[in-house]
Amino acid sequence: MTVADDAAAQVLAGLDPEQRAAVTAPAGPVCILAGAGTGKTRAITRRIAYRVVSGEIDPRRILAVTFTARAAGQLRERLAQLGADGVQARTFHAAGLRQLRYFAPRLLAGRQMPELVDSKARLVTLAAARASLRADRTTARDLASEIEWAKANLVEPGEYAAAAVKAQREPPFEAAKVGEVFTAYEELKRARGLIDFEDMLRAAVWGIEEHPDVAEQIRSQYRHFVVDEYQDVNPLQQRLLDAWLGGRRDLTVVGDASQTIYSFTGASATYLVDFPRRFRDAVVVRLVRDYRSTPQVVTLANNVISQARGGEARLRVALQGQRPPGPEPDLRIFSDEPAEAAAVAARCRELVAAGTPAREIAVLFRTNAQSQAYEEALAEVGVPAVVTGAARFFERPEVRQATMALRAAAKSPPVPDEPLPAQVTEALVATGWQPDAPPGGGAARERWEALAALVTLAEEVASSSLADFCAELARREAIQHTPTVEGVTLASLHSAKGLEWDAVFLVGLAEGTLPTTYARTDEAVEEERRLLYVGITRARQWLWLSYGQSRSPGGRARRPCRFLPQLAGSAAASDSGDPAQRRAARRRNQVVACRVCGATLFAGADRKLGRCPDCPSDRDEELYERLREWRRVVAGEQHVPAYVVFTDATMAALAERSPQTVAELSAIGGIGPRKIEQYGEAVIALVAGASVAQVTNLPPPQ
Ligand code: ATP
Ligand code: MG
């Protein structure tokens, strides 16, 4: 046996006969149509590795396209482990952007590559005004979705109205009016010299279709193509794929029609389903053994998807669980969302205490707005959390802007002895970021966190200068090594596709949230069902499904998610009997009024602070600095991120309210019995004037 044979045999180890057939299929079209957790991603990874290590193909000639930057990173990592380095694994966007940057000098005849639109919603609001429409945030978002859908379907502004009617879209205004907004949006964008993500893909397509030399270079660079999650490809991405292929046929696609969850943005499972018709000689492989989840999880998943209707449902298969039995899924109803979040956090703490690493746990929800309640509840019980959206980290507009600002700052002479994190913070402040003022939640919070992660990274890496740090960022961007924090993953169901965790919490499973109220057509409702299916099939061992009857205590009761009749049948309001949890939930539920103007406060961060964000602050700056120094020391000692000790909102509240007793301390939202036990004494001493060294184990300064 040669070395290559030996390596190839190793790559084939641990595959079932069907997977093996897909892996060893000869060059040419291959299609794996299979359910969740059946090893599709494993099969494509092995197929690439098999062909590389057996010497059939050159790894640099492969382009593998996956759905998220995180999945692409995982793919590269696994390939490297299997002995196949150097394969390009990217998202469509990242591949398109890279191609465009490379060819920009040729395609743009010396002109600058346009900047990416950083806030589509803002531009859409302006465009709506031009069409004499007033768009609030939700409407602007809906209009932006329509524009994205149209562009993903290669529909031009003038064609929008007819196409929208045909596709039974439900735009927020009359279709003709939305067409006008679309036209205005394109004009505004052009006038400002900007492009959006869809333009970028279009430009990548156009670069190949209109420029034979570009086409030739790309096609000689890439000869073998692989697409994961192919059920969610949209017509624009398919066109790019066709442009890359240029009629060649070395293409492997894998997908599961039952996991189509992006059709609202224009994706369509028909490319996957029709693949065997498009390539009559394709090797088609079907997989049904589920290697990921326990039979208990698999049974629930099968049950949910067996009710599916519509085109995507035709191909569904019943999964066969291969793993040893595990616990039954935990179905819970709580009286309200805060009680639900507290119970989920308590269960996460139990799992971590029993040895499950926090990174093997995920809390998944329908909308990003649901994240904050869980961030706070987990912080309260001292379990670290990571909010995703960390996927595509380097593609986030604010991160791009920050990187540019850092590069610019790196060019000016450094202030002697200024530590790197301080230099990074300063450069970010110049872009408008405020280190001490994280906004309450949602997209603004995510943007803030992304920049905070850059500062944390500056604290972690051993860069000696800002220029070094910029080089480190570029290196990480090239390999998509996004900054990470150990913690429970908080993510939307959409961003969880393809991933898996030991324990998965599917929360907020109430009518109106899942399915969302925006799902008005039968197709949209079916997509919501598939979203639940994707969520369930992420769990290896423990699965928890829950909802809070009302959003806030005493609020209007909602019905449980219609796709889970089992949930309605589970014990009524299973609020935990744990008195500490009940107290925590009660505290969250109290009406809190601004101590400056008396207005009722709703946002978590404002409630903690005890005043409206724009009411005047009476913060003791000196105390605040001491508290921050103390938090830094404590977080360092405990090897946790600073916010696990106290979030920035809690820190701000402490400095403003200077609690002198345990009672005053516990009146601050976000400080529960556990925090009081751990840190109460130190905080009260700091408020009374103690130095950081006095309340920590540090030796006093010389
Ligand atoms: P999804 O539809 O969610 O993307 P998938 O079909 O891509 O799932 P994978 O992620 O490839 O599934 O595999 C699911 C899990 O099962 C992984 O942990 C993988 O390592 C494991 N697995 C796959 N095939 C086998 C096998 N033949 N033997 C043992 N474990 C396997
Ligand atoms: Mg997969």
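These figures come from a predicted structure and were not determined experimentally. (Residues numbered from 1 in each chain as written. Chains lettered and ligands numbered in written order. Predicted model: local features only at pLDDT ≥ 70, side-chain atom pairs only at ≥ 80, totals over all residues. Heavy atoms only, no water.)

1. Considering the overall build of the protein chain
Logical step 1: When you go through the protein chain residue by residue, the secondary structure sums to 31 helices and 18 strands.
Logical step 2: Among the 702 residues that make up the protein chain, the fraction classed as buried is 53%.
Logical step 3: Sequence-distant contacts in the protein chain: of pairs separated by 6 or more residues, those separated by 24 or more amount to 77%.
Logical step 4: Counting only carbon and sulfur atoms, one obtains 52% of the accessible surface of the protein chain, whose full area is about 31,100 Å². (Helix = DSSP H or I, 4+ residues; strand = E, 2+ residues; numbered from the N terminus. Buried < 20%, exposed > 50% of the residue type's maximum accessible area, 1.4 Å probe, protein only. Contact = heavy atoms within 4.5 Å. Areas by Shrake-Rupley, 256 points an atom, 1.4 Å probe, with all protein chains shown as cover.)

2. A word on the site of ligand 1
Logical step 1: Contacts to ligand 1 come from 19 residues, most closely from K40, T41, R42, E500 and R538.
Logical step 2: For ligand 1, an oxygen atom lies 3.1 Å from a polar atom in the backbone of G39.
Logical step 3: R292 is positioned such that a nitrogen or oxygen atom in its side chain is 2.8 Å from an oxygen atom of ligand 1.
Logical step 4: For ligand 1, the accessible surface in isolation is 630 Å², of which the surrounding protein chains cover 85%.
Logical step 5: With three residues, the top contributor of residues to the shell around ligand 1 is helix α3 (residues 40-53).
Logical step 6: Of the residues in the shell around ligand 1, the class split is three nonpolar, nine polar and seven charged. (Near = heavy atom within 4 Å. Polar contact = N/O pair within 3.5 Å; in protein donor to acceptor, adjacent residues only side chain to side chain. Nonpolar A, V, L, I, M, F, W, Y, C, P; charged D, E, K, R; others polar.)

3. Concerning the sheet that holds strand β11 (residues 330-336)
Strand pairing in a sheet is mediated by backbone hydrogen bonds. Such pairs are either parallel or antiparallel.
Logical step 1: Taken together, six strands build an open sheet; the order of strands is β11-β16-β15-β12-β14-β13 and the sheet is parallel. Here the strands that pair on one side only, and so sit at the sheet edges, are β11 and β13 (385-387). The mean angle between the axes of side-by-side strands here comes to 25 degrees, regardless of whether they run parallel or antiparallel.
Logical step 2: Relative to strand β14 (residues 488-492), strand β12 (residues 361-365) runs parallel, the two being bridged by four bridges. Residue L364 lies in a different strand from β14, and its bridge partner there is A491.
Logical step 3: Relative to strand β16 (residues 539-550), helix α22 (residues 522-536) is tilted by about 135 degrees, and along the sheet it contacts β12, β15 (501-506) and β16. (Pairing = 2+ DSSP bridges. Axes fitted to C-alpha atoms, helices over the stretch in contact; angles between N-to-C directions.)

4. Comments concerning the side chain of T139
Logical step 1: Checked against the element boundaries, T139 lands in helix α7 (residues 137-152).
Logical step 2: Of the residues examined, T139 reaches a relative accessible area of 15% and is grouped as buried.
Logical step 3: One polar contact links T139 to D136, side chain to side chain, over a distance of 2.4 Å.

5. Concerning the side chain of T45
Logical step 1: Looking at the element boundaries, T45 is found in helix α3.
Logical step 2: Exposure remark for T45: the relative accessible area of 3% places this residue in the buried category.

6. Details of the packing of helix α5 (residues 92-107) against helix α11 (residues 212-221)
Logical step 1: It is at 11 Å that the axes of α5 and α11 come closest, and there the two elements cross at 150 degrees. In terms of orientation, α5 and α11 fall into the roughly antiparallel class. Remark: the crossing between α5 and α11 carries right-handed chirality. Of α11, the residues touching α5 (which contributes Q99, Y102, F103, R106 and L107) are D213, V214, Q217 and I218. (Parallel < 35°, antiparallel > 145°, perpendicular 65-115°, else oblique. Left-handed = near helix turned anticlockwise from the far one by under 90°.)

7. A short note on the packing of aromatic side chains
Logical step 1: Tallying each qualifying case throughout the model produces 13 aromatic pairs.
Logical step 2: Between F225 and W244, the ring centres sit 6.3 Å apart and the planes meet at 10 degrees, which makes this aromatic pair stacked. With F225 in strand β6 (residues 224-227) and W244 in helix α12 (residues 235-245), the pair connects residues that are 19 residues apart, well separated along the chain. Like F225, the residue W244 is buried in the burial classification.
Logical step 3: An aromatic cluster is present here, built from F67, Y262 and F264 joined pairwise through their rings.
Logical step 4: Over the aromatic face of F67 sits the side chain of K497, whose NZ or CZ is 3.9 Å from the ring centroid. (Phe/Tyr/Trp six-rings, centres within 6.5 Å; stacked < 30°, edge-to-face > 60°. Lys NZ or Arg CZ within 6 Å of the ring centre and 35° of its normal.)

8. Notes on the pattern of salt bridges
Logical step 1: Counting across every chain of the model gives 39 salt bridges.
Logical step 2: Note that E500 is salt-bridged to R292, the shortest N-O span being 2.5 Å. Pair noted here: E500 is in the loop between β14 and β15 and R292 is in the loop between β9 (289-290) and α15 (295-306), with a separation of 208 residues, a long-range link.
Logical step 3: Taking the relative accessible area as the measure of exposure, E500 reaches 30% and is therefore partly exposed.
Logical step 4: Residue R529 is joined to E526 by a salt bridge in which the shortest nitrogen-to-oxygen separation is 3.1 Å. Here the residue R529 and the residue E526 both occupy positions in helix α22, the gap between them amounting to three residues, near one helical turn. Assigned by exposure class, R529 and E526 land together as buried. (Salt bridge = Lys/Arg side-chain N within 4 Å of Asp/Glu carboxyl O.)

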